[in-house]
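The chain contents come next:
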Amino acid sequence: MGIAISMTVNGAAVSAEIDPRTLLVDFLRVNLGLTGTHVGCDTAQCGACTIHLDGRAVKACNLLALQANGAKVTTIEGLAGNGDLHPMQAAFKECHGLQCGFCTPGMVMSAIDLVQRHPGADEATIRAQLEGNLCRCTGYHNIVKAVQQGAAAMSR
Amino acid sequence: MYAVEYQKAKSATEASGLIAKSGGKALAGGQSLIAAMKLRLAQPGTLVDLAGIPELAGIRVEGGALAIGAMTRHADIASAAEVKRTIPALAALAEGIGDRQVRNMGTIGGSLANNDPAADWPAAVLGLGATVVTHKRRIAADDFFKGMYETALAADEIITAVSFPTPKKAAYAKFPNPASRFALVGVFVAQLGDGSVRVAVTGAAPSVFRAASLEAALAKSFTPDAAKAARVDAAGLNNDLHASAAYRAHLVPVIASRAVAAA
Ligand code: FES
Ligand code: FES
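Residues numbered from 1 in each chain as written. Chains lettered and ligands numbered in written order. Predicted model: local features only at pLDDT ≥ 70, side-chain atom pairs only at ≥ 80, totals over all residues. Heavy atoms only, no water.

1. Side note on the overall build of chain A
Working step 1: In terms of helices and strands, chain A carries five helices and five strands.
Working step 2: What you see in chain A, going N to C, is helices and strands ordered as β-β-α-β-β-β-α-α-α-α.
Working step 3: Rg of the C-alpha trace for chain A: 15 Å, near the compact-globule value of 15 Å for 156 residues, within the 12% margin.
Working step 4: When the backbone C-alpha atoms are referred to their principal axes, chain A occupies close to 50 × 30 × 25 Å.
Working step 5: The burial tally for chain A puts 51% of its 156 residues in the buried class.
Working step 6: In chain A, the proportion of contacts linking residues at least 24 apart, taken out of those at least 6 apart, comes to 56%.
Working step 7: Summed over all atoms, the accessible surface of chain A reaches about 6800 Å², with 50% contributed by carbon and sulfur. (Helix = DSSP H or I, 4+ residues; strand = E, 2+ residues; numbered from the N terminus. Rg over C-alpha atoms; globule rule 2.2 N^0.38 Å. Buried < 20%, exposed > 50% of the residue type's maximum accessible area, 1.4 Å probe, protein only. Contact = heavy atoms within 4.5 Å. Areas by Shrake-Rupley, 256 points an atom, 1.4 Å probe, with all protein chains shown as cover.)

2. Here we look at the packing of helix H2 (residues 87-94) of chain A against helix H3 (residues 104-117) of chain A
Residue and element names in this part refer to chain A.
Working step 1: Running from amino to carboxyl end, H2 crosses H3 at an angle of 125°, the nearest separation of the two axes being 10 Å. In this view, H2 runs oblique relative to H3, as classed from their interaxial angle. As for how H2 packs across H3, the hand of that crossing is right-handed. Taken together, the residues of H3 that come into contact with H2 (itself represented by Met88, Gln89 and Phe92) are Thr104, Met107, Val108, Ala111, Ile112 and Val115.
Working step 2: Partitioning the contact of H2 with H3 into residue classes produces seven nonpolar, two polar and no charged. (Axes fitted to C-alpha atoms, helices over the stretch in contact; angles between N-to-C directions. Parallel < 35°, antiparallel > 145°, perpendicular 65-115°, else oblique. Left-handed = near helix turned anticlockwise from the far one by under 90°. Nonpolar A, V, L, I, M, F, W, Y, C, P; charged D, E, K, R; others polar.)

3. Here we look at the confidence of the model for chain B
Working step 1: Across chain B, the average pLDDT comes to 97, with 100% of residues at or above 70.
Working step 2: Scored by ipTM, the complex comes to 0.95, with pTM at 0.95. (pLDDT = per-residue confidence, 0-100.)

4. Observations concerning the interface of chain B and chain A
Working step 1: At the interface, 28 residues of chain B touch 28 residues of chain A.
Working step 2: Where chain B abuts chain A, roughly 2300 Å² becomes buried across the two surfaces, and 48% of that area is made up of carbon and sulfur atoms.
Working step 3: Put simply, chain B and chain A have five salt bridges between them.
Working step 4: Taking the shortest distance from any N to any O, the salt bridge between B:Lys38 and A:Asp42 comes out at 3.0 Å.
Working step 5: Here chain B and chain A share 17 residue pairs in polar contact (both at pLDDT 80 or more) between them. (Buried area = accessible area lost by both parts, 1.4 Å probe. Salt bridge = Lys/Arg side-chain N within 4 Å of Asp/Glu carboxyl O. Polar contact = N/O pair within 3.5 Å; in protein donor to acceptor, adjacent residues only side chain to side chain.)

5. Focus: the packing of aromatic side chains
All names here are of chain B.
Working step 1: What the rule picks out here adds up to three aromatic pairs over all chains.
Working step 2: Seen in terms of ring centroids, Phe144 and Phe145 are 5.0 Å apart; in terms of plane orientation they differ by 85°. Their pairing is edge-to-face. For the pair formed by Phe144 and Phe145, the shared burial category is buried.
Working step 3: Cation over ring: Arg40 sits above Tyr2, and NZ or CZ is 4.0 Å from the ring centre. (Phe/Tyr/Trp six-rings, centres within 6.5 Å; stacked < 30°, edge-to-face > 60°. Lys NZ or Arg CZ within 6 Å of the ring centre and 35° of its normal.)

6. Thoughts on the sheet that holds strand E1 (residues 3-9) of chain A
Residues and elements named next belong to chain A.
Working step 1: A sheet is described by the order of its strands in space; here five strands give the open sequence E2-E1-E5-E3-E4, paired in mixed fashion. Only two strands of the sheet have a single neighbouring strand rather than two, namely strand E2 (12-18) and strand E4 (56-59). Here the strands of the sheet are splayed against their neighbours by 40° on average, with no regard to which way each runs.
Working step 2: When strand E3 (residues 50-53) meets strand E5 (residues 72-74), the two strands line up antiparallel, connected through two bridges. Bridged to Leu53 within E5 is Val73. (Pairing = 2+ DSSP bridges.)

7. Concerning the side chain of B:Asn115
Working step 1: Looking at the element boundaries, B:Asn115 is found in the loop between helix H7 (108-114) and helix H8 (121-127).
Working step 2: You can call B:Asn115 buried: its relative accessible area is 0%.

8. A look at the packing of H2(A) against helix H5 (residues 141-155) of chain A
Residues and elements named next belong to chain A.
Working step 1: With their axes 8 Å apart at the nearest point, H2 and H5 run at an angle of 140° to one another. Between H2 and H5, the crossing angle belongs to the class labelled oblique. Our pair here, H2 against H5, has a crossing hand that is right-handed. On H5, the residues that touch Pro87, Met88, Ala91, Phe92 and Glu94 of H2 are Ile143, Ala146, Val147, Gln149, Gly150, Ala151, Ala153 and Met154.
Working step 2: Class assignment for the residues of the contact of H2 with H5 results in 10 nonpolar, two polar and one charged.

9. Re the pattern of salt bridges
Working step 1: In the structure shown here, the tally under the stated rule is 17 salt bridges over all chains.
Working step 2: Residue A:Asp113 is joined to B:Arg100 by a salt bridge in which the shortest nitrogen-to-oxygen separation is 3.3 Å. With A:Asp113 in helix H3 and B:Arg100 in helix H6 (residues 100-105), this pair bridges two chains. B:Arg100 matches A:Asp113 in its accessibility class, with the two residues each being buried.
Working step 3: Measuring nitrogen to oxygen at the nearest pair gives 2.7 Å for the salt bridge that ties A:Glu131 to B:Arg181. Of the two residues, A:Glu131 sits in the loop between helix H4 (123-129) and H5 while B:Arg181 sits in the loop between strand E11 (169-176) and strand E12 (183-191), which places them in two different chains.
Working step 4: Salt bridges sharing partners connect three or more residues here, namely B:Asp142, B:Arg198, B:Arg210 and B:Glu215.

This is how it looks when you write it as structure tokens:
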């Protein structure tokens, strides 16, 4: 049975009729075609599906789309403005904070939430706050460096 | 996930009525429930979403107690000035739940209604002797937790808030499973206003429980050494691939001593 839903995604109003069991990540990827949000585990562990729901990082695979009804959602596609990378995206690129890139959208979304809540976070805080994002390639070292550089750039 | 109907309630009473009528389940943050539904471990026919119900929100200092609305997210409890000022142990506990993303969605009320054997909040509620407030009554912590995933709540009963008495000293420490980060053993210790001591243990048994031997030892001397010297019986503790019952029995006093040191 369809149920009406509407929300703002990356600044644009969207609405649809959906099956109530639709997960937010499927709504974004399948209904809206925003495939930048990845599904790594589908069990709320890896963080690849991290998006911002009203400015807070959440795992879109562990939420019904209906839980975001009326909310403001930002995905990785919503970060770059006018073709310029968001400072956190640019920092991941410059610091070689990715290898295969599968975890990267989630890492970047988490990192931005982290910096907004913990401006000037030290390395230990960054590592602790990124606990919900798994990377199978990098060993995290350059991710932490990227977050530090991205945090500095965001404060400018 | 099996098909499910979705309804949104405007008040706790309305939510209770919708659940009674549909035989459905309340949806709080959904961080356990949605995951369980995806695995088909839970299959409610209807979800009644509690998000946005005003009476379930907010953190209030009421005399000698701290009342936290049931739909308050872990992340908001961790950062709330009132919590840090009155019972900092609760802010620290909230900051240690799951990961950032889970803390941004998961709620204290949802965690308590679920009563996962390894959840953190049950230890705080039992350890402080808090009161679980529902839309129809007040339930003492000692009467609330009934067993694995079991509570005193009726199927259509909605938790509205939890009222924690402000202790003299309190702290929570846990030994997280390295993979899941759930508590293999978590211990909440508290010295209450009247000087009495409560110790609640999560993760070690099918449900949170009070450790009598530790309470007796810490009532005499509220020190890490006294905690470490206490013995906990392995009988009835969980024995699984993560740890044996004997290992958990050994961990309880060790983790309790860390909590006392932090209190
Ligand atoms: S896909 Fe959502 S946490 Fe892994
Ligand atoms: S870059 Fe490959 S998983 Fe992180």
